[in-house]
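Residues per chain, in single letters:
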Amino acid sequence: MLNRILSPDGISQLEGLLDSSKYIVITCHISPDGDAMGSSLALCRALTNIGKKVKVVVPDTPPKYLMFLPGAAEIVVYSRSEQFARKLFASTQLIFCLDYNEPKRIDLVAEPMLASQAPKVLIDHHLNPSEFPDIVMSHPEEPSTSSLVYRTLSDLGLSECIDRECAECIYTGMMTDTGNFSYNSNNADLYEIIADLVRRGIDKDSIYQKVYFSNSLNRLRLNGYAIMEKLEIFPEHKAALITLTRKELNRFQYQKGDTESLVNKPLTMPDIVYSVFLREENDYIKVSARSKGDFPVNMLCERHYNGGGHLNAAGGEFYGTMEEAVDVFKQLMPLFDGCL
Ligand code: 5GP
Ligand code: MN
């Protein structure tokens, strides 16, 4: 039996909101990953199954490798359909905020989302949720928002709505946010949930292949190039750095998601404790950071790269040149030696 995550009060509050809402919008963070997409599409599917009219709005185009998820083709991409999305926010009766803790993480969607009169429910597992939602279900101890959606549906007595399609979305988010159950994955509850999802008809092996066996030749070569030519190791700080400029990305016809797990690769060396990947975007440097054990990459990203995240997986944005972002990294390493 799973423990409840919702208090009796929380359940009746959420039930009340659901009872009085037919039109619902679900939002998730920019550059949606498996958990953002998985949790949003799972909730969308479950609520559609009980007769609600639900739309998922994402800030920008989801990566191709997640388009197999049931419902992905119906997602409203704000950067392509701003007017339509604005109308949805203006007329919706309830908004869910999934897999993000502050409005900044949904980029331009923040403005119409916050302007909407509809009550807002946050379901998330990042630290420090901001104050904007009416109901905050913040569970940083939970490894994925997708498993939180499963728990929420169970607590609401809506397990019946978790059909195979919904279960596929939940499993995908759980799998991707734990690196296929290789970190944040020691809680036995996870495997109870997975057992239930398998009983509901998911083919977990096939989901693994769809997500992880999705390389193009360019993507494989870009990752090979990054490791071969652009990986720098700083043994005295147990740190690794990879940088890719726009020019290098263009050479391999970079598509969103092509460098998805690159930042993890240096951690496969036993003596590397944290790894940072700097990728040049059009007007900023995107920062991704990963670590092992107690090393706080969320603090590193918060203090030096305008970001945040989890202890072992965080990110941010640096406004400056690649050279400056690298200089910042070289200066911050000694400051974090105490965390090793
Ligand atoms: P990724 O490296 O996959 O882009 O992000 C890993 C995690 O870091 C995300 O799940 C999210 O928690 C956090 N993160 C990534 N980028 C940002 C950012 O710009 N700001 C904040 N606050 N967190 C971020
Ligand atoms: Mn997540």
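That block above? That's the structure.
1. A closer look at the sheet that holds strand β1 (residues 23-28)
Argument step 1. Strand order in the open sheet made by the six strands is β3-β2-β1-β4-β5-β6, with parallel pairing throughout. The outermost strands of the open sheet, each flanked by one partner alone, are β3 (76-77) and β6 (135-138).
Argument step 2. In this sheet, β3 lies alongside strand β2 (residues 53-58) in parallel orientation, the contact comprising two bridges. Looking at the pairing, V58 lines up with V77 of β3.
Argument step 3. Packed onto the sheet, helix α2 (residues 34-49) meets β1, β2 and β4 (94-98) and runs at close to 170° relative to β1.
Argument step 4. Across the sheet, helix α3 (residues 82-91) lies against β1, β2, β3 and β4, angled at about 130° from β2, the strand it touches most.

2. Brief notes about the site of ligand 1
Argument step 1. Within the structure, ligand 1 sits among 14 residues, and H126, K286, S288, R290 and A314 are positioned closest to it.
Argument step 2. One of the side-chain nitrogen or oxygen atoms of K286 is found 2.8 Å away from a nitrogen atom of ligand 1.
Argument step 3. Between ligand 1 and the protein, one listed contact pairs an oxygen atom with a side-chain N or O atom of R290 at 2.9 Å.
Argument step 4. Relative to its unbound accessible surface of 500 Å², ligand 1 loses 86% to contact with the protein.
Argument step 5. Secondary structure elements with two or more residues in the shell around ligand 1: β10 (285-291), β11 (308-309) and β12 (313-318).

3. Observations regarding the coordination of the manganese ion (ligand 2)
Each angle at a metal carrying four tetrahedral donors should ideally be 109.5 degrees, and each at a metal carrying six octahedral donors should ideally be 90 or 180 degrees.
Argument step 1. Listed as protein donors to the manganese ion (ligand 2) are D35 (OD), D99 (OD), H125 (NE2) and D177 (OD); their distances from the metal cover 2.2 to 2.4 Å.
Argument step 2. Spacing between the donor residues of the manganese ion (ligand 2) along the chain follows D-x63-D-x25-H-x51-D. Here the residue H125 occupies a position in the loop between β5 (120-124) and β6, and D177 occupies one in helix α6 (residues 164-177), the gap between them amounting to 52 residues.
Argument step 3. A residue is classified by how much of its surface remains accessible, and H125, at 3% relative accessible area, is buried.

About the cut-offs
Residues numbered from 1 in each chain as written. Chains lettered and ligands numbered in written order. Predicted model: local features only at pLDDT ≥ 70, side-chain atom pairs only at ≥ 80, totals over all residues. Heavy atoms only, no water. Pairing = 2+ DSSP bridges. Helix = DSSP H or I, 4+ residues; strand = E, 2+ residues; numbered from the N terminus. Contact = heavy atoms within 4.5 Å. Axes fitted to C-alpha atoms, helices over the stretch in contact; angles between N-to-C directions. Near = heavy atom within 4 Å. Polar contact = N/O pair within 3.5 Å; in protein donor to acceptor, adjacent residues only side chain to side chain. Areas by Shrake-Rupley, 256 points an atom, 1.4 Å probe, with all protein chains shown as cover. Donors = N, O, S within 2.8 Å, 3.2 Å for Na, K, Ca; no water. Buried < 20%, exposed > 50% of the residue type's maximum accessible area, 1.4 Å probe, protein only.

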